[in-house]
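Observations on the model geometry
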Amino acid sequence: MEAPEALSALSDALASTPDLAPALHQRWRTGRFDDPAAAGATIRINAALLDETLPAWTLAADAAALKQAFQATPEVLFLWSAASVGDPDSALAPLLTAAATHPDYAERAVFVVRNRIVQGPLADALRCVPLLGDGAALDDLANQQARARMEILLWEAGARALQFPELGTWIWSSAATFEAMIGASAQGALRGRVIAARTLEVCASGLAPTTDPALVGRTLQVLQPLLLHPEPLVWIAAARSFGRLAGTLEPLEATLLDWVHGASPVLRQRAITAFAALPERRLSALGHEREAVVEDKENEAWGRAAAAAAVPYLAVERRDLFDRLVGRIVAGEGGAIAMRALARGLATIWRRGDRELAEGPFRACRRQARRAEA
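Residues numbered from 1 in each chain as written. Predicted model: local features only at pLDDT ≥ 70, side-chain atom pairs only at ≥ 80, totals over all residues. Heavy atoms only, no water.

Here we look at the pattern of salt bridges
Heads up, the rule is: Criterion for a salt bridge: a side-chain nitrogen of Lys or Arg within 4 Å of a carboxyl oxygen of Asp or Glu. For every residue, the accessible area (1.4 Å probe, protein chains only) is compared with the maximum for its type, and the residue is labelled buried under 20%, exposed over 50%, or partly exposed between those bounds. Under the DSSP-based scheme used, a helix requires at least four consecutive residues in state H or I and a strand at least two consecutive residues in state E, with every element numbered from the N terminus.
One pass over the structure, following the stated rule, counts 17 salt bridges. Measuring nitrogen to oxygen at the nearest pair gives 2.8 Å for the salt bridge that ties Arg-116 to Asp-124. The two residues Arg-116 and Asp-124 agree in class, both being buried. For Glu-166, the salt bridge goes to Arg-127, with nearest N and O atoms at 2.7 Å. On the criterion of sequence distance, the pair formed by Glu-166 in helix H12 (residues 165-171) and Arg-127 in helix H9 (residues 122-128) is long-range, its members being 39 residues apart.

A look at the packing of aromatic side chains
Here a ring pair, both rings aromatic, is described through the centre-centre distance and the interplanar angle of the planes. For clarity, the threshold we go by: Classification of ring pairs rests on two measures: the distance between centres of Phe, Tyr or Trp rings, Trp counted by its six-membered ring, which must be within 6.5 Å, and the angle between planes, read as stacked under 30 degrees, edge-to-face over 60 and tilted in between.
The tally for this structure, following the rule as stated, stands at five aromatic pairs. Taken together, a centroid distance of 5.2 Å and an interplanar angle of 45° make the contact between Phe-78 and Tyr-105 tilted. Taken together, the positions of Phe-78 in helix H6 (residues 74-83) and Tyr-105 in the loop between helix H7 (93-100) and helix H8 (106-119) put the pair 27 residues apart, joining distant regions of the chain. The burial state of Phe-78 is the same as that of Tyr-105; both residues are buried. Centroid distance Phe-242 to Trp-259: 5.4 Å. Interplanar angle 10°. Geometry classified as stacked.

Topic: unusual backbone geometry
A positive phi is found at Ala-161, a non-glycine position, where the angle reads about 55°. Within the secondary structure, Ala-161 is located in the loop between helix H11 (144-159) and H12.

Observations regarding the side chain of Arg-270
Formally: Neither His nor the chain ends contribute to the count of charged residues, in which Lys and Arg are positive and Asp and Glu negative. Pairs of N or O atoms are called polar contacts if they sit within 3.5 Å, as long as, within protein, a hydrogen donor faces a hydrogen acceptor (for residues adjacent in sequence, only side-chain-to-side-chain pairs).
Tracing the sequence through the fold places Arg-270 in helix H18 (residues 265-276). One buried charged side chain, Arg-270, makes no salt bridge at all; its nearest oppositely charged neighbour is Glu-231, positioned 9.9 Å away. Within the structure, Arg-270 has its side chain in polar contact with the side chain of Gln-269 (distance 2.3 Å).

Brief notes about the state of the cysteines
We count it as follows: The disulfide definition used here is simple: a pair of cysteine sulfur atoms within 2.5 Å.
Scanning the entire structure with this criterion turns up zero disulfides. Cys-128 carries a free sulfur, and the closest cysteine sulfur to it, the one in Cys-203, is 15 Å from it.

Examining the environment of Ala-308
Applicable threshold: By definition, residues are in contact when any of their heavy atoms lie within 4.5 Å.
Mapped onto the secondary structure, Ala-308 falls in helix H21 (residues 300-308). Here the alpha-carbon distance between Ala-308 and Thr-273, two residues 35 residues apart in the chain, equals 7.5 Å. With residues up to four places along the chain from it excluded, the contact list for Ala-308 reads Leu-325, Ile-329, Ala-338, Ala-341, Leu-342 and Gly-345.

Notes on a positive patch on the surface
Where we set the bar: Residues enter a patch when their relative accessible area is above 30% and they make no salt bridge; the linking distance is 9 Å between like charges and 5 Å between nonpolar side chains (Val, Leu, Ile, Met, Phe, Trp, Tyr). Computed with a 1.4 Å probe, the accessible areas rest on the Shrake-Rupley method; for each residue, only the protein chains presented here act as cover. Think of each charge as sitting on NZ of Lys, CZ of Arg, CG of Asp or CD of Glu.
A grouping of Arg-366, Arg-367, Arg-370 and Arg-371 is seen on the molecular surface, where their side chains present a positively charged patch. Mapped onto the elements, Arg-367 comes out in helix H25 (residues 355-371).

Thoughts on the confidence of the model for the chain
Our working rule: pLDDT measures the predictor's confidence residue by residue and takes values from 0 up to 100.
Looking at the chain as a whole, its pLDDT mean stands at 90, while 94% of the residues score no less than 70. Taken element by element, the predicted model of the chain shows its lowest mean pLDDT in helix H20 (residues 287-295) (59) and its highest in H9 (97).

Observations concerning the side chain of Thr-199
Tracing the chain through its elements places Thr-199 in helix H14 (residues 190-203). Overall, the relative accessible area of 0% leaves Thr-199 in the buried class. A polar contact is formed between the side chain of Thr-199 and the backbone oxygen of Ile-195, at a distance of 2.7 Å. For Thr-199, the contacting residues outside a window of four places in its chain are Leu-154, Ile-171, Met-181 and Ile-182.

What about helix H13 (residues 175-183)?
Taken as a whole, H13 has its buried residues at Thr-177, Phe-178, Ala-180, Met-181, Ile-182 and Gly-183. Check the buried side of H13 and you find it contacts helix H10 (135-138), H11, H12, H14 and helix H15 (213-227).

What about the nonpolar core?
Using the following cut-off: Only buried residues count toward a nonpolar core, which is a set of Ala, Val, Leu, Ile, Met, Phe, Trp, Tyr and Cys residues joined through side-chain atoms within 4.5 Å.
Of all hydrophobic cores here, the largest spans 92 residues; its most connected members are Leu-24, Trp-28, Leu-50, Leu-126, Trp-172 and Leu-226. By residue number, the principal contributor to this core is helix H16 (residues 232-246), which donates nine residues. Ala-161, Ala-308, Val-326 and Leu-357 belong to the second-largest nonpolar core, a separate cluster that totals 29 residues.

A look at the packing of H13 against H14
Think of two packed helices as two axes; the pair is described by the angle between the axes and how far apart they sit. To keep things clear, this is the line we draw: Angular values range over 0 to 180 degrees, each being the angle between N-to-C directions of two axes fitted as lines to C-alpha atoms, with helices fitted over their stretch in contact. Roughly parallel means an angle under 35 degrees; roughly antiparallel means over 145; roughly perpendicular covers 65 to 115; every other angle is labelled oblique. Each residue gets one of three labels, nonpolar for Ala, Val, Leu, Ile, Met, Phe, Trp, Tyr, Cys and Pro, charged for Asp, Glu, Lys and Arg, and polar for the others, Gly among them.
Two elements in contact, H13 and H14, have axes separated by 9 Å at closest approach and are oriented at 125°. The orientation of H13 relative to H14 falls into the category oblique. In this structure, H13 contributes Phe-178, Met-181 and Ile-182 to the contact, and H14 contributes Ala-196, Thr-199 and Leu-200. Classifying every residue of the contact of H13 with H14 by side-chain character gives five nonpolar, one polar and no charged.

Quick word on the packing of helix H24 (residues 335-351) against H25
Applied cut-off: The sense of a crossing depends on the near helix, which, turned anticlockwise from the far helix by less than a right angle, makes the crossing left-handed and, turned clockwise, makes it right-handed.
The contact between H24 and H25 brings their axes to 9 Å, and the two run at 155°. Regarding the angle of H24 to H25, the classification is roughly antiparallel. Relative to H25, the crossing made by H24 is left-handed. Residues Met-339, Leu-342, Ala-343, Leu-346, Ala-347, Ile-349 and Trp-350 of H24 form the contact with H25, whose participating residues are Arg-355, Leu-357, Ala-358, Glu-359, Pro-361, Phe-362, Cys-365 and Gln-368. For the contact of H24 with H25, the residue count by class is twelve nonpolar, one polar and two charged.

Here is the structure:
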């Protein structure tokens, strides 16, 4: 029997015997029925088949197919999702999105969403965050544990330079949500400012050109002190987010170019990092400025270091520029300051799983460090 047939068969069984739901939930959560004989052979076989095939299917299918499947067999897929909140090898966000918009499951889906955020893997847990509601809902005491895990996940997502545009679309959908996720944290202690800067970086690609101008203005108001913060954990993430935002908002691109050629060393440093983090379509269009970032001899040490802070994006957006920059720093341009910055950027690439890309430059940095005179 194939998975669609198993879904249909279990859906029919639940419709005729609602009391079967706790037993199926138990089977999918623990891997066994408490009373196998009571479940019946056919139900046991179908439950085992779905337990075996659904995780891979959720990862391979697109959101539309998962939504369609949920609409056809909602009770079975909801039970399986509720039982699988801790499974790292499945994608529950599309199914829970369908559940959250279904009149019969919306209320119950919130509890499952909270559990998925608390127990699930980074990417899927973050994709479930918008299902909690807007900024007002995030302040609900029931969401306290989910918000704590969310901060941990955003910290890690920033450490890997990951992008979640769907999260950004939700954050910039309302002023209340923006304040709850970014605005309030940006005014707090160092930990809060790091989380705010990393959240901006992780979500920047989700800002639409049609976003409310007042909310864009508020975003820039929050971003400015983060850009000027002396702590690298804050300003590097803020500068990279500024570059990602500038790829969407053209006025920011003009500001960025002014800073690159400005007199203030701090603004130039931040601008070079932001410039190197621009999306590929804009980085390619600004070819002459791109060359200036790599070829700058006047401020070689901090200029190379500032560009190296954005290598997690250069490695993806412009591999040719990444190779040139890495080659020059490894050859000694920029000295120890640039080498340290490059090592941090390579650590980010390594952390997100691109180890083959980072290993060679890492080894070159280590050789140079061993040869350095004390």
